[in-house]
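Results of the structural survey
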Amino acid sequence: MNVVLWIIAGLLALAFAGAGLMKLSQPKEKLAASGLAWTEDFSAGAVKGIGALEVLAGIGLVLPAALGIVPVLTPLAAAGLVIVMIGAAVVHARRKEYQGIAINAVLLALAAVVAWGRFGPYSF
């Protein structure tokens, strides 16, 4: 199970760090044009803030545990992503973007598994 949790955490880290870097590096208008229509509902600063949270969570999923420095940050990062995905699902529901909700649900479930495993029976 430890290996499974590492794989899930690594995949989540790649996904969120990549998505966050995209939000940090591109203007809001370009993001909206590329399929992230929800960015139209938020200020440019809020989109950058969400991107920064995603990058930090991606780092937090792997680096603390890998280095053995404050490894409790790993399940905290996963729990933070659960909260972010709940917020994302609410935004997609308001916009009637149901495909987005499905993606959020999968990411939420994976982050919840990492949080459960690392807080619980498979902690460091």
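Throughout this document, residue positions are counted from 1 along each chain, in the order its sequence is written. This being a predicted model, a pLDDT of at least 70 is required before a residue's local features are given, and a value of 80 or more before pairs of side-chain atoms are given or counted; all residues contribute to the totals for chains, interfaces and linings. Side-chain numbers here rest on the full set of heavy atoms in the structure, without hydrogens or water.

What follows covers a nonpolar patch on the surface. Residues Leu-56, Ile-59, Leu-63, Leu-67, Ile-69, Val-70, Val-72, Leu-73, Leu-76 and Phe-119 make up a contiguous nonpolar surface patch of about 940 Å² in total accessible area. Under the DSSP-based scheme used, a helix requires at least four consecutive residues in state H or I and a strand at least two consecutive residues in state E, with every element numbered from the N terminus. Residue assignment for the nonpolar patch shows that the elements contributing at least two residues are α3 (44-67) and α4 (73-94). Ranked by residues supplied to the nonpolar patch, first place goes to α3 with four residues. Each patch is assembled from residues with relative accessible area greater than 30% and no salt bridge, linking like charges that lie within 9 Å and nonpolar side chains (Val, Leu, Ile, Met, Phe, Trp, Tyr) that lie within 5 Å. Calculation of accessible area relied on Shrake-Rupley with a 1.4 Å probe; when residues are assessed, cover is drawn exclusively from the protein chains displayed. When a carboxyl oxygen of Asp or Glu is within 4 Å of a side-chain nitrogen of Lys or Arg, the pair counts as a salt bridge.

With that settled, consider the UniProt feature "transmembrane region" (unreviewed entry) in the protein. Sites flagged by UniProt as "transmembrane region" (unreviewed entry) map to residues 56-89 and 101-119. For residues 56-89, the helix share is 85%, the strand share is 0%, and the end-to-end C-alpha distance is 20 Å. Helix makes up 100% of residues 101-119 and strand 0%. Its end C-alpha atoms lie 26 Å apart. UniProt positions are given in the numbering used here, feature names are shortened, and annotations may be inferred rather than shown by experiment.

This part covers the environment of Ala-9. Within the element layout of this structure, Ala-9 appears in helix α1 (residues 2-25). Exposed residues in this analysis have more than 50% of their type's maximum accessible area, buried residues have under 20%, and partly exposed residues fall in between, with area computed by a 1.4 Å probe over protein chains only. You can call Ala-9 buried: its relative accessible area is 3%. Separated by 19 residues in the primary sequence, Ala-9 and Lys-28 have C-alpha atoms spaced 28 Å apart. By the convention used here, residues are in contact when the closest approach between their heavy atoms is within 4.5 Å. Excluding residues within four positions of it along the chain, Ala-9 makes contact with Leu-61, Val-62 and Val-114.

For helices, the fitted axis covers only the stretch in contact; all axes are lines through C-alpha atoms, and the angles between them, taken along N-to-C directions, range from 0 to 180 degrees. At their nearest, the axes of α4 and helix α5 (residues 98-119) sit 8 Å apart, and the two run at 160° to each other. Comparing the axis directions of α4 and α5 gives the class roughly antiparallel. The interaxial crossing formed by α4 with α5 has left-handed handedness. Ten residues, namely Ala, Val, Leu, Ile, Met, Phe, Trp, Tyr, Cys and Pro, are considered nonpolar, four, namely Asp, Glu, Lys and Arg, are considered charged, and the remaining ones, Gly among them, are considered polar. Looking at the contact of α4 with α5 residue by residue, the class counts come to 19 nonpolar, four polar and one charged. In these notes the angle categories are as follows: under 35 degrees is roughly parallel, over 145 is roughly antiparallel, 65 to 115 is roughly perpendicular, and the rest is oblique. When the near helix sits turned anticlockwise from the far one by under a right angle, the crossing is termed left-handed; a clockwise turn instead gives a right-handed crossing.

In this structure, Leu-12, Phe-16, Leu-61, Leu-81 and Val-114 are the most contacted members of the largest nonpolar core, which totals 17 residues. For this core, the element with the most residues is α4, which contributes six residues. Once residues within four sequence positions are removed from consideration, Val-114 is found in contact with Leu-5, Ile-8, Ala-9, Leu-12, Leu-61 and Ala-78. Working definition of a nonpolar core: buried Ala, Val, Leu, Ile, Met, Phe, Trp, Tyr and Cys residues. They are joined through side-chain atoms within 4.5 Å.

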